[in-house]
Amino acid sequence: MSLEEEVRRLKETRNAVILSHNYQVGEIQDLADFVGDSLYLSRKAKESDAKVIVFSGVRFMAETAKILSPSKTVLLPDLEAGCSLADAITADQLRQWKSEHPGAVVVSYVNTSAEVKAESDYCCTSSNAVDIVKRVPADTEVLFLPDMFLGDYVRKQTGRKNIHLWVGDCFVHTRMRPETVRQQRALHPGAELIAHPECGCTTEVLPEVDKVLSTDGMIRYAEQTRDKEVMVATEIGILHRIRHLNPTTSFVPLSPDAVCPFMKMNTLEKIRDSLRDMKFQIELSPQVMDRARRSLERMIS
Ligand code: 13P
Ligand code: SF4
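Below: a short report on this structure. The structure displayed is predicted, hence computed values, not measured ones. (Residues numbered from 1 in each chain as written. Chains lettered and ligands numbered in written order. Predicted model: local features only at pLDDT ≥ 70, side-chain atom pairs only at ≥ 80, totals over all residues. Heavy atoms only, no water.)

### What to know about unusual backbone geometry
No. 1: Following Leu 145, the chain continues into Pro 146 via a peptide bond in cis, with omega recorded as -10°.
No. 2: Looking at the secondary structure, you find Pro 146 in the loop between β7 (142-145) and α8 (148-158).
No. 3: In this model, Lys 279 is joined to Phe 280 through a cis peptide bond whose omega is -5°.
No. 4: Even without glycine at this site, Asn 15 takes up a positive phi of about 55°.
No. 5: Locating Asn 15 in the fold gives a position in the loop between α1 (3-14) and β1 (16-21). (Helix = DSSP H or I, 4+ residues; strand = E, 2+ residues; numbered from the N terminus.)

Structure, rendered in structure tokens:
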């Protein structure tokens, strides 16, 4: 029996669904029930009737699924699949920051631990960060965390002066700098540039970026574009689906070495093992989940 067949059978026996982030390797995306960005997968985790969710992504995503569906068993195939951005702030650091800005509203990117979400008023993803910050009354201070590039982008889009940014970044996206854009522009004259808001190039060269999009925003863009060539500034796993959806446009990575080692820890073998042995189960304290759920429900609604 092939590995794919084994996974399909185990999935049926366990009444499970596999959720895959857009950065997973192609063979996982092809086998998954749902593939998408953080917001889409959070919704799918909540809506699904399955008893078991295998989250092929990173830990904060699996935690989010567990918080939104506490009665389901949520499995992460490799417990070491973390996120440098989520590690950029702890709940203690956030409590300290809040104490320095009494009355401020805390908007946390979904790339955070469950404990940090529990200390937040709103969660957001790259697709709805601007909309969520716009909902905060104009005279109320905002603490935005943990990604400074996404925060700076939100600041520019909303024109808010009273938004404070936590100085955190994703070590994969931060390396895509303004000079990377200049070098690649010289090699690909005339190409469109689409960038994830976590990129280090969404700062002073923002006007040079044609579109700032979440990973699913990039997928939708790729489906409809008629451009000859598009440079894609995010983790290269996304190219699998993009190229499949639109074989006539040439999609080139802005940085071919933009690979998230945490995302790539998941393999088909580990997914098989996780379904077979029901490991590794995400467990969180009910108190933390109850508090984190409020901010996540606001994100989803
Ligand atoms: P998306 O929500 O756009 O999929 O981004 C998640 C992520 O981790 C990007 O590095
Ligand atoms: Fe975290 Fe960056 Fe990997 Fe996304 S690409 S999961 S933000 S380390």
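### Comments concerning the site of ligand 1
No. 1: Taken together, His 21, Tyr 23, Asp 37, Ser 38, Tyr 109, Asn 111, Ser 126, His 173, His 196, Glu 198, Ser 214 and Thr 215 make up the full set of residues adjacent to ligand 1.
No. 2: One of the side-chain nitrogen or oxygen atoms of Tyr 23 is found 3.4 Å away from an oxygen atom of ligand 1.
No. 3: For ligand 1, an oxygen atom lies 2.6 Å from a polar atom in the side chain of Thr 215.
No. 4: Summarising the interface, the protein chains cover 96% of the accessible area of ligand 1, which totals 300 Å² for the free molecule.
No. 5: Structurally, ligand 1 is housed in the largest cavity.
No. 6: For the shell around ligand 1, the residue count by class is two nonpolar, eight polar and two charged. (Near = heavy atom within 4 Å. Polar contact = N/O pair within 3.5 Å; in protein donor to acceptor, adjacent residues only side chain to side chain. Areas by Shrake-Rupley, 256 points an atom, 1.4 Å probe, with all protein chains shown as cover. 1 Å grid on protein atoms, 1.4 Å probe; cavity = no way out; pocket = protein on both sides within 12 Å on 5 of 7 lines; lining within 4 Å. Sits in = over half its atoms within 2 Å of the grid points. Nonpolar A, V, L, I, M, F, W, Y, C, P; charged D, E, K, R; others polar.)

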